[in-house]
Amino acid sequence: MIRLEGINKSFGRLHVLRDVSLEIQKGEVVCLIGPSGAGKSTLLRCINHLEPLDSGTIYIEGTPVYRFTHGGRQVVDPDSKIEALRSEVGMVFQSFNLFPHFTALENLMVAPIHVRREPRNEVRRRALALMAKVGLSDKIDAYPHELSGGQQQRVAIARALAMQPKAMLFDEVTSALDPELIGEVLRVMRQLAAEGMTMLIVTHEMGFARDVADRIVFMADGVIMEEGTPQQMFSAPRNERTKQFLQTILERNAELGEDTTAFPASPSA
Amino acid sequence: MRDIFSLFNFSGAGEYLPDLLRGAVISIELTLCVMALSLVFGLVVALARMTRFRAVRAVATFYIEIIRGTPALLQLFYIYFVLPAFGVKFPPFTAGVIGLTVNYSAYLSEVYRAGIQAVAKGQLEAAQALGMSRSLMMRLIILPQAIRIVVPPLGNYFISLFKDSALASLITVKELIFTGQIIAATNFQYFAIFTIIGAIYLAISYPGSLGVQYLERRMKIGYRPQRRAPIGGPTRGAPQGAVS
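Just so it is clear, the model here is predicted, and its values are computed rather than measured.

Draft legend 1. Examining the overall build of chain A more closely. Scanning chain A from N- to C-terminus turns up nine helices and eleven strands. For 269 residues, the compact-globule formula gives about 18 Å, and the C-alpha radius of gyration of chain A, at 19 Å, lands near that figure. Counting only C-alpha atoms and orienting by the principal axes, one finds that chain A spans roughly 55 × 55 × 30 Å. Evaluated residue by residue, chain A yields a buried proportion of 57% over its 269 residues. Carbon together with sulfur atoms contributes 47% to the accessible area of chain A, which is approximately 11500 Å² in total. Seen as two clouds, the 30 positive and the 34 negative side-chain charges of chain A have centres 5 Å apart.

Below you can see the structure in the form of structure tokens.
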């Protein structure tokens, strides 16, 4: 479904992604974890080219999109091709980024109507169904500023779904939320996962990752250090960095007196 | 002594007041024409300045720098007195409209640009992530939000334009100041006439500036991260880019 091949990305002298390759199967839910600054978000943003790549290729359903060939010469796909790709891959941001001048329902409808040129009635029907799905049928006419963070993020998820994407990217979507609002957003994501949506999720919610992911990918310093099933990653990580990272999280959670059942056994075990 | 008192003589006001009001109407017409045109051209220049096409960008930047670096009066003189030498001749009012539009479009384009750039980066990313093209994004997402940001500063420019319309008197447009000068040259009641003119300007500008303040408050409603807009009256020569 999505295949990344040898992705490199630098910000100035900072090499944030080093030769990253990753493949996500159709219907698979992959959680990307790791310390901050590992390049997780950058990787996600590279997939739909919100960040231009330095090198490497991204394949969406086998079609390579936007690549930089080696040997100095760049091969860059036209904007229209990248726009088409983006419209097929939904993205949800940490900061919601709803359009403040549109109501919730209009936020869902604007892209299908103007980008896909679908008939308004049909789009409206779908948008209403999606608002129901994220549990916000009573908020269709609300403007984003009238909604709580959790509600805004659920609208943002619905907005991405309104384009009927083939895959969804989630970039730390609960990090900006008050703790009591995180659950409602995760619930929507769990439901999506259960319905078989292809999802790539950058998250710090380890309990959620454990429950929902088919595969956990651990990144540090711009490199994929280790990947595996949640079971294997959380109970028997092989990589030193993974152990360290999970240990830190475990200690933090213990300190906060939070539920540590995300880790059935100590990561160092 | 008699001369001093005659200075304060408003007795002839009844005779020349209608003339002054006619002049005021010309001033207002001039202002409205220039504002309407500048709102459009200013946006065009702003978009030209932000396009991907380097040549277009260079032309727009060149234009803005020339206009901002020379007096508005000189620009009016150029159009009214210099262009006829090249066979391009306009009547005074038209020349005034063209000159002030050329001038104000440059300033307004910077207001627009600042407004467009003040739209949160996350908005662009969200629009891009939904597959919107640049033009779609500009039309549906950026401009509607930028409008809210630029309305108060545009209002301030509107008010200063009304005062700057007085410059057109120097290319013989029969607006308020020009009319006053003509009348004063015949009856010498400078104090009375220019005081009345001042009162007329104030009577129009002050409500205008209250209106701008009202708009400023209106535009803030419903938006989360609002930086403070500069409060106060007309701001000709306000620091560029200081758009709320």
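Draft legend 2. Quick look at the overall build of chain B. From N to C terminus, chain B includes nine helices and zero strands. N-terminal to C-terminal, the α/β element order of chain B is α-α-α-α-α-α-α-α-α. Out of the 244 residues belonging to chain B, those deemed buried represent 44%. Put simply, of all contacts in chain B between residues at least 6 apart along the chain, 76% involve residues at least 24 apart.

Draft legend 3. Highlighting the confidence of the model for chain A. In this model, chain A carries a mean pLDDT of 88, and residues with pLDDT of at least 70 account for 91%. The low-confidence segment residues 264-269 of chain A, where pLDDT is below 50, has 13 contacts with residues more than four positions distant or belonging to other chains.

Draft legend 4. Expanded view of the pairing of strand 1 (residues 2-11) of chain A. Residue and element names in this part refer to chain A. Note: strand 1 against strand 2 (residues 14-24), seven bridges, orientation antiparallel. Following the sheet pairing, L4 is matched in strand 2 by L22. Turn length for the strand 1-strand 2 hairpin, with the two strands adjacent in sequence and antiparallel, is two residues, and the turn residue G12 shows positive phi of about 60°. By the bridge criterion, five bridges tie strand 1 to strand 4 (residues 55-60) in an arrangement that is antiparallel. The partner of L4 across the bridge, within strand 4, is I58.

Draft legend 5. A look at the interface of chain A and chain B. Taken residue by residue, the interface counts 25 residues in chain A and 23 residues in chain B. Summing both sides of the interface, chain A and chain B together bury roughly 2000 Å²; the carbon and sulfur share of this comes to 61%. Contact with chain B buries area across many residues of chain A, yet F99, P100 and H101 of chain A alone supply 25% of it, more than any other trio. Where chain A touches chain B, the interface holds two salt bridges. Across the salt bridge formed by E125 of chain B and R45 of chain A, the nearest N and O atoms sit 2.6 Å from each other. Scanning the region where chain A abuts chain B turns up five residue pairs in polar contact (both at pLDDT 80 or more). Of all the secondary-structure elements, those providing two or more residues to the side of chain A that touches chain B are helix 2 (79-88), strand 7 (89-92), helix 3 (104-114) and helix 5 (149-161) of chain A. The leading source of residues in the side of chain A that touches chain B is helix 2 of chain A, at four residues. Here the side of chain A that touches chain B is composed, by residue class, of 13 nonpolar, seven polar and five charged.

Draft legend 6. Summary view of unusual backbone geometry. Phi is positive for E61 of chain A, close to 50°, though the residue is something other than glycine. Residue T172 of chain B is not a glycine yet carries a positive backbone phi of 65°.

Draft legend 7. Region of interest: the pattern of salt bridges. All names here are of chain A. This structure, assessed with the given rule, holds 21 salt bridges over all chains. E28 is the partner of R215 in a salt bridge, and the nearest nitrogen-oxygen pair spans 2.9 Å. Here E28 lies in the loop between strand 2 and strand 3 (29-33) and R215 lies in strand 10 (residues 215-220), a separation of 187 residues in the sequence. Owing to a relative accessible area of 14%, R215 belongs among the buried residues under this scheme.

Draft legend 8. Representation of the nonpolar core in the model. Membership of the largest hydrophobic core comes to 55 residues, with the highest contact counts inside it found for I157, M168, F170, M189, M199 and I201 of chain A. Per-element accounting of this core gives the leading share, eight residues, to helix 6 (residues 179-194) of chain A.

Draft legend 9. Focus on the confidence of the model for chain B. Residue and element names in this part refer to chain B. Per-residue pLDDT for chain B averages 87, and the proportion of residues at 70 or more is 87%. This model gives residues 224-244 a pLDDT under 50, and the stretch forms 40 contacts once residues within four places in sequence are excluded. Predicted complex, confidence summary: ipTM 0.87, pTM 0.81.

Draft legend 10. Quick look at the packing of aromatic side chains. All chains considered together, the criterion is met by eight aromatic pairs over all chains. Look at Y190 of chain B and F194 of chain B: their rings are 6.1 Å apart centre to centre, the planes differ by 25°, and that puts the pair in the stacked class. Of the two residues, Y190 of chain B and F194 of chain B are both situated in helix 9 (residues 190-220); the distance of four residues between them amounts to about one turn of the helix. The partly exposed category is assigned to Y190 of chain B, whose relative accessible area is 41%. Cluster of aromatic residues (ring-pair linked, three or more members): F77, Y80 and F81 of chain B. Its guanidinium or amino end placed over the ring of Y59 of chain A, R3 of chain A lies 4.2 Å from that ring's centre, counting from NZ or CZ. If you follow R159 of chain A out to its NZ or CZ, it ends over the ring of F99 of chain A, 4.5 Å from the centre.

About the criteria used
Residues numbered from 1 in each chain as written. Chains lettered and ligands numbered in written order. Predicted model: local features only at pLDDT ≥ 70, side-chain atom pairs only at ≥ 80, totals over all residues. Heavy atoms only, no water. Helix = DSSP H or I, 4+ residues; strand = E, 2+ residues; numbered from the N terminus. Rg over C-alpha atoms; globule rule 2.2 N^0.38 Å. Buried < 20%, exposed > 50% of the residue type's maximum accessible area, 1.4 Å probe, protein only. Areas by Shrake-Rupley, 256 points an atom, 1.4 Å probe, with all protein chains shown as cover. Lys, Arg positive; Asp, Glu negative; His and termini not counted. Charge placed at Lys NZ, Arg CZ, Asp CG, Glu CD. Contact = heavy atoms within 4.5 Å. pLDDT = per-residue confidence, 0-100. Pairing = 2+ DSSP bridges. Buried area = accessible area lost by both parts, 1.4 Å probe. Salt bridge = Lys/Arg side-chain N within 4 Å of Asp/Glu carboxyl O. Polar contact = N/O pair within 3.5 Å; in protein donor to acceptor, adjacent residues only side chain to side chain. Nonpolar A, V, L, I, M, F, W, Y, C, P; charged D, E, K, R; others polar. Core = buried A, V, L, I, M, F, W, Y, C linked by side-chain atoms within 4.5 Å. Phe/Tyr/Trp six-rings, centres within 6.5 Å; stacked < 30°, edge-to-face > 60°. Lys NZ or Arg CZ within 6 Å of the ring centre and 35° of its normal.

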